[in-house]
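Chains, contacts and geometry: an overview
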Amino acid sequence: MSEFEPNIVCFACNWCTYAGADMAGTSKFQYPPNLKIVRVMCTGRVNPEFVLEALKKGADGVFIGGCHPPSDCHYVNGNLKARNRVQILKLLLTQLGVEPERLRLEWISASEGEEFSRKVREFVEELKRLGPNPLKESSTELSELE
Amino acid sequence: MSKLKVAVYWAAGCGGCDVGLLDVNEALLEVLKDIDIVFWPVAMDVKYKDLESLPNLDVAIVNGSIRNEENEHIVKLLRSKARTLVAFGSCACEGGTQGLANLGSKQDMLKTVYEETPTTGNPQAVKPSRVFKAPEGELYLPDILELNKPIESVAKVDYYVSGCPPPVKLILRLFQILTAGNAQGPKFYIGSDKSVCDECRRERVSKTVQSMNRLYRRALDPEKCFLEQGLLCMGPATRGGCGAKCVEANVPCGGCGGRLNVSDQGARMIGALGSILTTDEPISIGALEALKDPVGALYKYCFSSSLIGRGVRVGGGGR
Ligand code: SF4
Ligand code: SF4
């Protein structure tokens with residue numbers, strides 16, 4: 001059996017993490033191809049619906065990357081609002097029975113290409129340990145049920 | 001103009017919506033000039049065979065959610081007969097409070113209800129069975145479905161009137177629209193297109209708060225926004241039209257008006273909470289006391305119709 005390859009949706013802020021991912025590319029720091037990056041202007045723009053929708057549609061993990069606190073955020077405190085939202089989302093996921101570790105928030109600046117690739121590798125390893133998103137499994141069984 | 005033929009059906013609900021209709025009081029007499037209620041189990045002696053033998057209907061008003069086979073069957077029957085189908089109340093529009101049971105499987109729910117609640121004495125763990133043998137013959141009970149669902153999951157809905165129960169003002173507006181025969185666009189919500197906050201008169205100063213506490217922890221200030229007092233109020237994520245009645249009575253909005261232009265009411269509220277909570281420090285779990293039961297707090301009326309809408313155990317073989 002081939003190893004489980006997690007499917008990750010990444011929301012990266014335009015000013016820091018997206019540029020950091022770019023930096024990883026131009027400096028040839030490799031990271032696993034499990035990640036689909038969606039560029040957003042700010043992590044504060046990551047509506048909690050995006051996270052739930054990604055998980056519902058079968059992502060095994062959601063990675064949100066933004067600018068370092070307290071003051072790197074291009075929009076003052078969008079990253080800090082995202083931090084609050086992620087904390088509440090984790091509580092919600094736990095109650096739903098989804099491991100909260102499937103949602104990860106990291107601060108990665110535009111110059112931290114190596115850090116980006118390291119954080120992504122870490123997340124992929126963690127998700128491999130956790131296995132597939134349990135919502136994915138039960139939804140197939142549920143459609144058979146209905 | 002001939003009178004509109006209207007059926008009112010009570011699916012899985014508490015009966016409050018039927019009482020809500022009566023709450024219209026003498027205005028109901030005015031309404032009855034234009035409509036003829038031909039089926040209303042809570043108020044008339046009718047049998048399902050009467051409904052089956054009815055020719056077409058103009059309007060079917062359904063309150064309650066789809067919780068068992070019977071609800072599903074009757075709603076589909078009503079849909080096949082009625083020109084206009086109205087989802088009436090939070091249960092019909094969003095699944096209602098009973099949707100919270102979707103966190104566990106049907107077996108989990110039956111176990112809780114028939115074995116585990118402190119007030120249940122059922123040592124033999126007797127559960128409802130689908131067939132009951134009476135001396136007169138066998139009776140069949142409708143099966144409970146695995147998930148509680150809003151009406152739109154089994155039939156196309158023309159009008160939505162949310163609220164638990166819908167406020168009188170909106171009920172009257174519904175009847176006006178129905179009798180005027182105005183065809184509206186798809187998914188027409190009878191309510192406001194703005195949030196409950198828009199109708200709320202409490203003072204807001206855009207301050208941030210350190211924590212979200214449970215209601216009993218704070219002396220309530222009747223003038224200030226609940227959120228800014230550190231108390232969970234679903235106003236920002238909830239469709240208005242109710243006139244913020246609960247807030248006016250010094251109770252935070254619970255969210256019965258349903259989601260507003262988003263796919264997930266709870267997620268919208270998480271968005272709002274992210275902005276109002278302090279950003280100086282990472283927020284601790286202890287500071288989120290009001291969210292100890294996040295689904296119960298953020299999805300009280302709408303869990304069935306939310307994006308994820310169920311616990312992962314559901315359909316996965318139980319606990
Ligand atoms: S919407 Fe509220 S009042 Fe109406 S049936 Fe459901 S619980 Fe009862
Ligand atoms: S959050 Fe509640 S109290 Fe505050 S403005 Fe909105 S409805 Fe009013």
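Located above this text is the structure these notes cover.
Residues numbered from 1 in each chain as written. Chains lettered and ligands numbered in written order. Predicted model: local features only at pLDDT ≥ 70, side-chain atom pairs only at ≥ 80, totals over all residues. Heavy atoms only, no water.

Turning our attention to the sheet that holds strand β1 (residues 8-13) of chain A. Backbone-to-backbone hydrogen bonds pair the strands of a sheet. The strands run either parallel or antiparallel. Residues and elements named next belong to chain A. The four strands are arranged β2-β1-β3-β4 in an open sheet whose pairing can be described as parallel. The two strands at the open ends of the sheet, each matched to only one other strand, are β2 (35-40) and β4 (103-107). The average undirected angle you get between the axes of adjacent strands in this sheet is 20 degrees. Inspection of the sheet shows strand β3 (residues 61-66) paired to β4 by five bridges, in the parallel sense. Looking at the pairing, Gly65 lines up with Glu106 of β4. (Pairing = 2+ DSSP bridges. Helix = DSSP H or I, 4+ residues; strand = E, 2+ residues; numbered from the N terminus. Axes fitted to C-alpha atoms, helices over the stretch in contact; angles between N-to-C directions.)

Another aspect to go through is the sheet that holds strand β9 (residues 159-161) of chain B. Residues and elements named next belong to chain B. As summarised here, the arrangement of the six strands in space is β2-β1-β3-β5-β9-β10, forming an open sheet in which the pairing is parallel. Taken across any chain shown, the strands that pair with only one partner, and hence form the sheet edges, are β2 (35-39) and β10 (188-189). Across two bridges, the pairing between β9 and β10 is parallel. Note on β10: the bridge partner recorded for Tyr159 is Phe188. Along the sheet, helix α4 (residues 69-81) contacts β1 (4-10), β3 (57-63) and β5 (82-88); its crossing angle with β5, the most-contacted strand, is approximately 140 degrees. (Contact = heavy atoms within 4.5 Å.)

So, on to the site of ligand 1. All names here are of chain B. Taken together, Gly13, Cys14, Gly16, Cys17, Gly89, Ser90, Cys91, Gly163, Cys164 and Pro165 are the residues near ligand 1. Mapped onto the shell around ligand 1, the elements with two or more residues apiece are α1 (16-22) and α5 (90-94). The class makeup of the residues in the shell around ligand 1 is five nonpolar, five polar and no charged. (Near = heavy atom within 4 Å. Nonpolar A, V, L, I, M, F, W, Y, C, P; charged D, E, K, R; others polar.)

So, about the state of the cysteines. Chemically, a disulfide is nothing more than a covalent bond linking the sulfur atoms of two cysteines. Tallying each qualifying case throughout the model produces one disulfide over all chains. Between Cys16 of chain A and Cys67 of chain A runs a disulfide, and the two sulfur atoms are separated by 2.3 Å. Disulfide Cys16 of chain A-Cys67 of chain A: the torsion about the S-S bond is 105 degrees, which places it as right-handed. Taken as a pair, Cys16 of chain A in the loop between β1 and α1 (17-26) and Cys67 of chain A in the loop between β3 and α3 (78-96) lie far apart in primary sequence, 51 residues in all. Of the residues examined, Cys16 of chain A reaches a relative accessible area of 7% and is grouped as buried. Sulfur of Cys246 of chain B: no disulfide; nearest cysteine sulfur belongs to Cys256 of chain B and is 6.1 Å away. The cysteine Cys302 of chain B is free of any disulfide, with Cys253 of chain B supplying the nearest cysteine sulfur at 11 Å. (Disulfide = S-S within 2.5 Å. Buried < 20%, exposed > 50% of the residue type's maximum accessible area, 1.4 Å probe, protein only.)

Residue and element names in this part refer to chain A. For the structure on display, the rule yields 31 salt bridges over all chains. With a shortest N-O distance of 2.8 Å, Arg104 and Glu126 are connected by a salt bridge. One end of the pair, Arg104, is in strand β4; the other, Glu126, is in helix α4 (residues 113-130), with 22 residues separating them in the sequence. The pair formed by Arg104 and Glu126 is uniform in burial state, with each residue classed as buried. When the shortest N-O distance is used, the salt bridge between Glu115 and Lys119 registers 2.7 Å. Placement of both Glu115 and Lys119 in helix α4 is noted, with a separation of four residues, approximately one turn of the helix. Classification of Lys119 by relative accessible area gives buried; the value is 11%. One network of salt bridges, in which partners are shared, links Arg104, Glu106, Glu115, Arg118, Lys119, Glu122 and Glu126. (Salt bridge = Lys/Arg side-chain N within 4 Å of Asp/Glu carboxyl O.)

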